[in-house]
Amino acid sequence: MVLLLALLVGLVTATPAAATERTFVFSRADFAAMIDTFNGEVLARSADFGRQLRIRPDGVKFFGRSCTSLGDGTHVISRIRVLDGADRAAQLAGKRRPNVKLGDALTSMNVAAWNPPTTTRTLAPWWFPDTSQEGAAGFAIAGFKNGDAMGTINASQVTDVIPKFLVQLDLATDVTDGPALLLIGITTDVPPSRLGKMPKRAECFVVAPVYPADLQALVDLLARTPMTDTLRTTVSGILDDASASLAANDPAAAARYAKSFAVAVAHGVGTDISGDAAEKLVVLALLVNDALGI
Amino acid sequence: MIRALAAPRLLLALLLLIIVSATAHAEPHTFQLTVGDALTSVDRYNAFLVSLGKQIHGVKLVPGGTVFAHQSCAGLGSVFRVGSIAMVSSPDALASTVTSRAARKALDTVFAAAGVETWKPPGLNAETNLPFWSFVKTDDRVKFAADAVTTGSGDVGLLGPEASAGVLRFTLDVHGFPDLFGRYRLMLELYGRTSSQDGALVKFGESRCFTFVDLAPIDLPAFDTLIHANVTNSRLLHSILEPRLEVVDTALLRRDFVRALDALAVIVSAIVSHAPTLITVPKARFLAEAGYRVRRGVEFSPANAQCGDGVRQTGEACDGNDLGGFTCVSVGFGSGTLACTADCHFDTSQCGGTAVCGNGIVEGTEECDNGAANSNTKPDACRTNCKRAYCGDGVIDTYEDCEGKNLNGETCVSLGYTSGKLSCDSVDCVFNEDNCND
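Residues numbered from 1 in each chain as written. Chains lettered and ligands numbered in written order. Predicted model: local features only at pLDDT ≥ 70, side-chain atom pairs only at ≥ 80, totals over all residues.

As for the overall build of chain A
- Looking only at helices and strands, chain A features nine helices and 11 strands.
- A globule of 294 residues ought to have a C-alpha radius of gyration of about 19 Å, and chain A, at 21 Å, matches this closely.
- Referenced to the eigenvectors of the C-alpha coordinate spread, the extents of chain A come out at roughly 65 × 55 × 35 Å.
- Residue burial in chain A is summarised as follows: out of 294 residues, 45% are buried.
- Within chain A, contacts between residues separated by at least 24 positions form 71% of all contacts whose residues are at least 6 apart in sequence. (Helix = DSSP H or I, 4+ residues; strand = E, 2+ residues; numbered from the N terminus. Rg over C-alpha atoms; globule rule 2.2 N^0.38 Å. Buried ≥ 20, exposed ≤ 12 C-beta atoms within 10 Å, placed from the backbone. Contact = placed C-beta atoms within 7 Å.)

Points about the overall build of chain B
- Per the secondary structure count, chain B includes eight helices and 18 strands.
- Based on the C-alpha atoms only, the size of chain B along its principal axes is roughly 75 × 70 × 55 Å.
- Burial status across chain B gives 41% buried among its 438 residues.
- A separation of at least 24 residues holds for 55% of the contacts in chain B among residues at least 6 apart in sequence.

Some details on the packing of helix 4 (residues 86–93) of chain A against helix 5 (residues 100–108) of chain A
All names here are of chain A.
- Contact pair helix 4 / helix 5: the axes reach a minimum separation of 8 Å and the direction vectors enclose 155 degrees. By the angle between their directions, the pair helix 4 and helix 5 is classed as roughly antiparallel. The handedness of the crossing between helix 4 and helix 5 is right-handed. Judged by residue contacts, Ala86, Asp87, Ala89, Ala90 and Ala93 of helix 4 engage Val100, Leu102, Gly103, Leu106 and Thr107 from helix 5. (Axes fitted to C-alpha atoms, helices over the stretch in contact; angles between N-to-C directions. Parallel < 35°, antiparallel > 145°, perpendicular 65-115°, else oblique. Left-handed = near helix turned anticlockwise from the far one by under 90°.)

Topic: the interface of chain B and chain A
- If you look at the interface, chain B gives 34 residues, while chain A gives 39 residues.
- Top contributing element to the side of chain B that touches chain A by residue count: helix 8 (residues 281–299) of chain B, with 10 residues.
- Considered class by class, the residues forming the side of chain B that touches chain A number 16 nonpolar, eight polar and 10 charged. (Nonpolar A, V, L, I, M, F, W, Y, C, P; charged D, E, K, R; others polar.)

Things to note about the pairing of strand 8 (residues 136–141) of chain A
Residue and element names in this part refer to chain A.
- Most of strand 8 is tucked away, with six of its six residues classed as buried.
- The side-chain alternation of strand 8 yields two buried faces, one formed by Ala136, Gly138 and Ala140 and the other by Ala137, Phe139 and Ile141.
- Two strands pair when backbone bridges link them, and strand 5 (residues 76–83) and strand 8 are joined in this way by five bridges, in the antiparallel orientation. The residue bridging Val82 from the neighbouring strand is Ala137, located in strand 8. (Pairing = 2+ DSSP bridges.)

Overview of the sheet that holds strand 1 (residues 26–34) of chain B
All names here are of chain B.
- With antiparallel pairing, three strands are arranged side by side in an open sheet as 1-8-5. If you trace the sheet from one side to the other, it starts and ends with strand 1 and strand 5 (119–128), each paired once. With direction set aside, neighbouring strand axes in the sheet form an average angle of 20 degrees.

A few points about the environment of B:Ser51
- Residue position: B:Ser51 is located in helix 2 (residues 35–51).
- Sequence-distant contacts of B:Ser51, defined by excluding residues within four places in its chain, comprise A:Asp36, A:Asp58, A:Ser69, A:Gly71 and A:Asp72.

A look at the packing of helix 8 (residues 251–267) of chain A against helix 9 (residues 275–292) of chain A
Residue and element names in this part refer to chain A.
- Running from amino to carboxyl end, helix 8 crosses helix 9 at an angle of 165 degrees, the nearest separation of the two axes being 8 Å. The angle between the axes of helix 8 and helix 9 places the two elements in the roughly antiparallel class. Crossing angle aside, the handedness with which helix 8 passes helix 9 is left-handed. Of the residues in helix 9, those in contact with Pro251, Ala254, Ala255, Ala258, Lys259, Phe261, Ala262, Val265 and Ala266 of helix 8 are Ala278, Leu281, Val282, Ala285, Leu286, Val288, Asn289 and Leu292.

Things to note about the nonpolar core
- Ranked by size, the top nonpolar core spans 184 residues in total, and within it A:Val206, A:Phe261, A:Val288 and B:Leu188 carry the most contacts.
- Residues contacting A:Val206, with those up to four places away along its chain left out, are A:Met34, A:Ile35, A:Phe38, A:Cys67, A:Ile184 and A:Ile186.
- B:Ala317, B:Cys318, B:Val331 and B:Cys340 belong to the second-largest nonpolar core, a separate cluster that totals 11 residues. (Core = buried A, V, L, I, M, F, W, Y, C linked by C-beta atoms within 7 Å.)

Focus: the environment of A:Lys280
- With respect to the helices and strands, the residue A:Lys280 is situated in helix 9.
- In the structure, A:Lys280 is positioned 55 residues away from A:Thr225 in sequence and 9.3 Å away in space, judged by C-alpha atoms.

Things to note about the confidence of the model for chain A
- Of all residues in chain A, 94% attain a pLDDT of 70 or more, and the chain-wide mean is 91.
- Scored below 50 in pLDDT, residues 7–17 of chain A shows four contacts in the model against residues more than four places distant or in partner chains. (pLDDT = per-residue confidence, 0-100.)

Points about the sheet that holds strand 4 (residues 65–68) of chain A
Residue and element names in this part refer to chain A.
- The strand order across the open sheet formed by three strands is 2-3-4, and the pairing between neighbours is antiparallel. Looking at which strands have only one partner, the edges of the open sheet turn out to be strand 2 (53–56) and strand 4. Strand-to-strand, the axes of this sheet are offset by a mean angle of 25 degrees, without reference to chain direction.
- Across four bridges, strand 2 lies against strand 3 (residues 59–62) in antiparallel orientation. Looking across to strand 3, one finds that Arg56 is bridged to Gly59.

Some details on unusual backbone geometry
- A cis geometry characterises the amide bond from B:Pro121 onward to B:Pro122, with omega recorded as 0 degrees.
- One can find B:Pro122 in strand 5.
- Put simply, B:Ala275 and B:Pro276 share a cis peptide bond, and its omega is 0 degrees.
- The phi torsion at A:Phe63 lies on the positive side, around 50 degrees, for a residue other than glycine.
- Following the sequence through the fold, A:Phe63 ends up in the loop between strand 3 and strand 4.
- Judged by C-beta crowding, with 20 C-beta atoms within 10 Å, A:Phe63 ranks as buried.
- Phi is positive for B:Arg255, which is not a glycine, with a value near 55 degrees.
- Relative to the assigned elements, B:Arg255 resides in the loop between helix 6 (234–253) and helix 7 (257–273).

Brief notes about the environment of B:Arg254
All names here are of chain B.
- With respect to the helices and strands, the residue Arg254 is situated in the loop between helix 6 and helix 7.
- Exposure remark for Arg254: the 18 C-beta atoms within 10 Å place this residue in the partly exposed category.
- The sequence separation of Arg254 and Ala93 amounts to 161 residues, and the corresponding C-alpha distance is 37 Å.
- If we skip the residues at most four places from it in the chain, Arg254 touches Val331 and Gly332.

Thoughts on helix 2 (residues 28–44) of chain A
- The end-to-end C-alpha distance of helix 2 of chain A is 25 Å, a good match for the 24 Å that 17 residues give at a rise of 1.5 Å each.
- At A:Met34, helix 2 of chain A shows its largest kink, close to 40 degrees. (Expected span 1.5 Å × (residues − 1). Bend = angle between axes of the 7 residues up to and from the residue.)

Things to note about the confidence of the model for chain B
Residue and element names in this part refer to chain B.
- Here chain B averages 86 in pLDDT, while 92% of its residues score no lower than 70.
- Summarising per-element confidence for chain B, the mean pLDDT is lowest in helix 1 (residues 2–23) (50) and highest in helix 5 (residues 220–230) (96).
- When the criterion is pLDDT under 50, residues 1–6 qualifies, and its contacts beyond four places in sequence or with other chains add up to zero contacts.
- Contacts for the low-pLDDT stretch residues 16–23, under 50 throughout, to residues beyond four places or in other chains number zero contacts.

Some points on helix 6 (residues 215–223) of chain A
- Regarding helix 6 of chain A, the residues found buried are A:Leu215, A:Ala217 and A:Leu218. Burial along helix 6 of chain A is one-sided: seen end-on, the buried residues are contained in an arc of 155 degrees. (Arc of directions from axis to C-beta.)

Quick look at the structure:
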């Protein structure tokens, strides 16, 4: 009987967490910094990857894929796509057969898997949602197919921190405390030496820790933030109103509530909440406000 | 002949003076570096080395990172526990620890490409909240080290990633200018060591490297500069933020930290509540982060700060008889004897010459005092309670839209909407148009 009960409990706990749609936003600066951040991360973990990680001019070679820094001044980003799992990267990275070793390495890095459908939106000029590849949600420049470089992201855009790209994903395993490790394919171009030619193009796969920027993220952060009951009641009420507005298909009203949430928390600093705790909530609420406007 | 030569020389000297004075811009700023920042800087430095491509030669991959110019921080924080962290004043200062000329040249190339800031030694006010760590005086660095390194006491103070939140605080006379986000790129020297067995100092492995980190100052002048660079709306800037910045400044000068923190909270609230009407949301987010950074600076207290030990330290206005040179007069009173409370705040109960609002002299906690010109009806005047004109005082001031129910004759329709109910924001006295209909 005890064994049966234990088995039942085991079965219940082994059930994967319910899938949840989560929102992620990106700025040009986020994309511009992603390759270097990933290169730094894998170099620190070089012992795990053995000879499959090598230093190459201007970047690293990771399981056969070169991730070249934008810092050389010639490489620019022309396409970004969030992949639904390590197998997808293996499939896209392989020539005739999947690059299984790359897939295994990315799996070991605990990348987030997701299921369709997805939503992609962008406010960035010259950029458009690109969902042409199954299992990929992303963006490409308008001239991606004909090699027109207008709108590409270069190293100098590390200062453009305004969120302009939004991806909504149905994550296979939800995140409640911490970032989702998104697997992102970044296509870089080197402009052609002669006019009319296509740029030299390569796709590198990086794992980027990205925090969700949605009302659920605020709810989760609020739940683990110490504050007085008075403030908690006030801001929980505001979040309820925001959720109701979103359910009523009024994101503009939800955005206003997100800002009201930030204001209420900021007002409570020193009396109802510590500065450090407030900072996280205020910054996230303003990011959610931005995300709801995309 | 001598005269003929003297004129160009004088001109040259003058030119040199102009160049030197133009380039010798140095400003003291206070920074707080966390152990986490220092550890993260290693990954970033490795990626930067690789991104330099053919500009440098000899970057080698080793387990846990890279080796370049005989320097490596591979495994720092894990295999090698952090034993010291130093801010290096300029690449010239490498000479004291990097003996190979070729290695120095290679590192010079890297740090020139990174564009690190130089600063004028000595660093000031070096403090930390890390237990068993202390400031080590050197000529060209601000160096903090664990007892294990300074006194050779076993492994005492050696750090791993679990100590990421530990803070090193210091003031530097930085040359040059910050980036768009108000950050300075500072050069770091990191040193790590393997643990010695059972705390007994036997043979241990070492790791030393140079990296860089982008740090934004935590002092009020830096925040003031960021506000003036990012807030373009004159009402928000001049009427709402500048008076509060003055309050923080005065409170910090008087070491009245409670009042300074209150005013900082009001500043951040005002910035956030005025987005997106008077400031964009990304800028509000950025300035809110900067405001909370200053707050952290005010709230910081070093590991050795112990209220009641008779020594005034960061975060304490006073401690016992140590008043830090402050008197009743310097905290805004006319006369009397200043004392210290048990929780290390100033006790002004014995200060005389209590502020008299209306005598034309700013005293005590008065924000202003224009004597007979104090008024509760004139816009922008110092109020009769000696507070600056503020939202909620019943008078519509220059940068206010409204006050309470007084909407200055405006309605939703007069503002261009078709209908709805206009109201007044009680915090900042601007129109709340949420209930107006397009």
